[in-house]
Structure formats: structure tokens, C-alpha cells
Amino acid sequence: MRRTVVILAVVAAAMASAAPAVAAQSSSVAALQVALRSRGFYAGAVDGISGPQTRAALLRFQRRHGIRATGKVGMATRCKLGKLGVPLLGQRQ
């Protein structure tokens, strides 16, 4: 019984001290950040992480260009981004 309690305590301590999960990086998000930066809408790091700065820049871009501001990169957004908005290989529609 005591051995089980000790093991549970050690496992709980290990889980509590574990590093928090890092948001997944995406090449598509990095490409979007580069495109938004080239248009002057994004000033953050090009890290491939879709965080609040990326979302805010995308929403500003969509509003400024008369696109329904959904925060998602659809065909209208890609067209307005121009050459940098072209879908990546494997993501053709």
C-alpha cells in the first residue's frame, strides 16, 4: 500500500513539473505570416505558430480588403494576398 502511494506521489510530481506543451508549428502558418508581413499587416516573429498576433493581422487584412473577417484563409484571402497567397503543394483545392 505504502509503495503504491509513493509511486503515485512521484508520478504526480513528475506531471506537475513537466514543461507545458508548445503550440505546434506549421509551414502554412509561417507562409501566411510572411505574406501578411510583406503587406505590412504582421510585425511578429515568423514562427509558424498561429497565435493572437497572426489572427489579429489576418482579421485586419480581411477587413481592409473587404473580405468577410473569419480568421480563416479562404480563396478570397489567398487571391488578395497575391503571389504569396498561392496554396502550397499538397493543399490544392
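Here, every reference points to the structure presented above.
What counts, and at which threshold
- Residues numbered from 1 in each chain as written.
- Predicted model: local features only at pLDDT ≥ 70, side-chain atom pairs only at ≥ 80, totals over all residues.
- Heavy atoms only, no water.
- Helix = DSSP H or I, 4+ residues; strand = E, 2+ residues; numbered from the N terminus.
- Buried < 20%, exposed > 50% of the residue type's maximum accessible area, 1.4 Å probe, protein only.
- Contact = heavy atoms within 4.5 Å.
- Expected span 1.5 Å × (residues − 1).
- Arc of directions from axis to C-beta.
- Polar contact = N/O pair within 3.5 Å; in protein donor to acceptor, adjacent residues only side chain to side chain.

Draft legend 1. Region of interest: the overall build of the protein chain. A tally of helices and strands in the protein chain yields 4 helices and 0 strands. When the elements of the protein chain are put in sequence order from the N terminus, they spell out α-α-α-α. Residues classed as buried in the protein chain amount to 24% of the 93 residues present. Taking the intrachain contacts of the protein chain between residues at least 6 apart in sequence as the baseline, contacts between residues at least 24 apart amount to 25%.

Draft legend 2. Inspection of helix α3 (residues 52–64) at higher detail. Here α3 spans 18 Å end to end across 13 residues, near enough to the 18 Å set by a 1.5 Å rise per residue. The set of residues buried in α3 consists of Thr54, Ala57, Leu58, Leu59, Phe61 and Gln62. Positive phi appears at Gly66, one or two residues downstream of α3, with a value of about 70°.

Draft legend 3. A look at helix α2 (residues 27–38). An ideal rise of 1.5 Å per residue puts 16 Å on 12 residues; α2 measures up with 16 Å between its terminal C-alpha atoms. Within the sequence span of α2, burial applies to Val29, Leu32, Gln33, Ala35 and Leu36. On an axial view of α2, the arc spanned by its buried residues comes to 165°, and they lie on one face. Buried residues along α2 sit against α3 and α4 (75–81). Of the residues flanking the start of α2, the one acting as N-cap is Ser26, its side-chain oxygen 3.2 Å from the backbone nitrogen of Ser28. Phi turns positive, to about 85°, at Gly40, one or two residues after α2.

Any functional reading would require information beyond the geometric quantities listed.
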